[in-house]
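So the chains spell out like this:
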Amino acid sequence: LHIQGSLLYLDVLRTTFPQALAARGTALLSWTPGHPRTPAGWPLPTLYCTPAEAGALPSRAATLRVQLLFALRARALRVLEVGLAAELHDALAALRAGWPGLAQDLALGRLSPQPGLPEDVRDRLQALLVPDATRAAELRAECAHGFKGIVQRLWPQLEVVVVGTAYGAEQLYCDALRQADCEGLPFYCPFYRAAGALLGVNLWPEEPAPRFLLCPDWAFCEFLPCPAEEEPRTVLLGELWEGREYGLVLTAQPGEYRCRAGEVLRVAGFHKQCPVVEPTRRESQTLSVRGESISEERFCRSLCCAVGMWPGARLIDYVCVESALLGASSGACAPHYEVFVELQGLRDLSEGQRYKLDQCLQEDFPVYKSFRFKGSIGPLRLHLVGAGAFARLREALGSPVPMPRVLREERLLRLIQSAVIS
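Keep in mind that this is a model prediction, so the values were computed, not measured.

Thresholds, definitions, all that
Residues numbered from 1 in each chain as written. Predicted model: local features only at pLDDT ≥ 70, side-chain atom pairs only at ≥ 80, totals over all residues. Heavy atoms only, no water. Helix = DSSP H or I, 4+ residues; strand = E, 2+ residues; numbered from the N terminus. Rg over C-alpha atoms; globule rule 2.2 N^0.38 Å. Buried < 20%, exposed > 50% of the residue type's maximum accessible area, 1.4 Å probe, protein only. Contact = heavy atoms within 4.5 Å. Areas by Shrake-Rupley, 256 points an atom, 1.4 Å probe, with all protein chains shown as cover. Lys, Arg positive; Asp, Glu negative; His and termini not counted. Charge placed at Lys NZ, Arg CZ, Asp CG, Glu CD. Domains from an automatic or database assignment. Salt bridge = Lys/Arg side-chain N within 4 Å of Asp/Glu carboxyl O. Nonpolar A, V, L, I, M, F, W, Y, C, P; charged D, E, K, R; others polar. Pairing = 2+ DSSP bridges. Axes fitted to C-alpha atoms, helices over the stretch in contact; angles between N-to-C directions. Polar contact = N/O pair within 3.5 Å; in protein donor to acceptor, adjacent residues only side chain to side chain. Parallel < 35°, antiparallel > 145°, perpendicular 65-115°, else oblique. Left-handed = near helix turned anticlockwise from the far one by under 90°. Core = buried A, V, L, I, M, F, W, Y, C linked by side-chain atoms within 4.5 Å.

**Student:** Outline the overall build of the protein, listing residues and values.
**Tutor:** Summing up its helical and strand segments, the protein has twelve helices and 16 strands in all. Taking 422 residues into account, the globule formula puts the C-alpha radius of gyration at 22 Å, and the protein, at 23 Å, falls close to it. Expressed as a percentage of the 422 residues in the protein, the buried residues total 52%. Residue pairs in contact within the protein that sit at least 24 positions apart in sequence constitute 65% of those at least 6 positions apart. About 18600 Å² of surface is accessible on the protein, with carbon and sulfur atoms providing 56% of the total. With 44 positive and 46 negative side-chain charges, the protein shows a separation of 3 Å between the mean positions of the two kinds.

**Student:** Any details on the domain arrangement of the protein? Residues and values, ideally.
**Tutor:** On domain assignment, one finds that the protein holds domain 1 (3–189), domain 2 (210–282) and domain 3 (286–418). Spacing between the C-alpha centres of domain 1 and domain 2 amounts to 33 Å. Across the domain 1-domain 2 interface, the total number found is zero salt bridges. Residues of the side of domain 1 that touches domain 2, tallied by class, amount to three nonpolar, three polar and no charged.

**Student:** Pulling in residues and values, what's your account of the sheet that holds strand β9 (residues 245–251)?
**Tutor:** Strand pairing in a sheet relies on backbone hydrogen bonds, with the paired strands running either antiparallel or parallel. With antiparallel pairing, the seven strands of this open sheet are ordered in space as β5-β6-β7-β11-β10-β9-β8. Two strands lie at the open edges of the sheet, namely β5 (191–194) and β8 (220–226), each paired on one side alone. Going across the sheet, the axis of each strand differs from the next one's by a mean of 50°, ignoring polarity.

**Student:** Provide a residue-level description of the side chain of R135, including the pertinent values.
**Tutor:** Considering the arrangement of structural elements, one finds R135 in helix α5 (residues 133–144). A polar side-chain atom of R135 sits 2.5 Å from the main-chain carbonyl oxygen of L72. Of note is the side chain of R135, whose polar atom sits 2.8 Å from the backbone oxygen of L154.

**Student:** Just give me the short version of the packing of helix α8 (residues 296–307) against helix α9 (residues 351–364), but keep the residues and values in it.
**Tutor:** Two numbers describe how α8 lies on α9: the axes approach to 9 Å, and their chain directions differ by 130°. With respect to each other, α8 and α9 are oriented oblique. The hand of the α8/α9 crossing is right-handed. Where α8 approaches α9, its residues R298, F299, S302, L303, C305 and A306 are matched on the opposing element by K356, L357, C360, L361 and D364.

**Student:** Give me the nonpolar core: which residues, what numbers.
**Tutor:** Nonpolar side chains tend toward joint burial in soluble globular proteins. One finds L88, L95, W155, L199 and I416 to be the most contacted residues of the largest nonpolar core, which totals 84 residues. The greatest single-element share of this core, amounting to nine residues, is contributed by helix α3 (residues 85–108). Not counting residues within four places of it along the chain, the set of residues in contact with W155 comprises L68, A71, L72, A74, R75, L77, L80 and R135. One finds I294, V307, V341 and F365 within the second-largest nonpolar core, a separate group that totals 31 residues.

**Student:** Tell me about the side chain of T50, residues and numbers included.
**Tutor:** Among the secondary structure elements, T50 is positioned in the loop between β1 (26–29) and α2 (60–73). A polar contact is formed between the side chain of T50 and the backbone nitrogen of L28, at a distance of 2.9 Å. With sequence-adjacent residues up to four places away left out, T50 is seen in contact with T26, A27, L28 and Q67.

**Student:** How would you sum up the packing of α3 against α5? Please name residues and give values.
**Tutor:** Close contact between α3 and α5 brings their axes to 8 Å; oriented N to C, the two are set at 160°. Accordingly, the angle class assigned to the pair α3 and α5 is roughly antiparallel. Like other packed secondary-structure pairs, α3 and α5 cross with a definite hand, here left-handed. Between α3 and α5, the contacting residues are L95, W99, L102, A103, Q104, L106 and A107 on the first element and A133, R135, A136, L139, R140 and C143 on the second. The residue inventory of the contact of α3 with α5, partitioned by class, reads ten nonpolar, one polar and two charged.

See below:
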């Protein structure tokens, strides 16, 4: 199935972007510790200019820097492929912070020592490099002119950014990259996966919001209508209604357990009688200190609304915590939300600005407003964290899957608390 899906993806890519499959024309930015692979699921040595070994280093930061260096060597790049939009953001942040060192490595044909890069691996990767003073000079010149649209300036023939996941909270990074570093480039999310199974493919690479054709023979899928009925009954592919939302129930292979995948899908339409779906939210990513059940996707919408009222601010990332996870350190007030936000363009917030988020939530969620009015939910607390805090959190998470935006692990909470600046 993975080969069938990969072939379908490559055909869609070639049809839409005719030069996308040029030899060595694809660079990969994806951390897959312990097992080198590509987001497409099928390693093609002639397609990638990035060594497979570079993606399996023990350190996420080292992986992205090494892969970035190999991508920078290829001026004629056609496709930039990333596992997560956050990985592209973090790689470009490393470019901003360390472009003089990257240019020097390009000029000398070397790979500088760095934490998380074993010496034996560094020697093998360095053997693939050759000095390129011309490309190093181009890198210095483009970075000296700023980073707006830097991706297209560094790779003038680039046609598309292929992203392993571009929905949910990862949409934040896609939108931010489209507006700044990747200005003018389409983002294409080719596959829909859930619970480790490949379920669908995106046949519309130039559309901004990804939607996926569910392939009937890739896994056995059932669907629970949302909101839940009094006597819930699953329906099959042929019983779905356009415009409705469903919870996904999955049996990936014959003989495997049947389980709820924790994903909610909206049926956007049909293609040759097969449903086309849009993932809308994850069932586990909800905030509920009094049973109000605010989903990750709707909370993010309220947060973006509040950020829009903070002049000059751009949201980089966020996580939210129910105050019970903080224990005594949350104080003696009623249960509430603790929100940790990384912003660009704004260094501090007044109390009035901080309260805007609580106001937005009350306007968007009448149940939350009612609990706030009664005092059974306390005022939301907003904390700003330093630049790069979420990149370090992703490194600590030690996983190539999207980071949860509703934290439930004390270890991760302590890590993000250590980055608080106000």
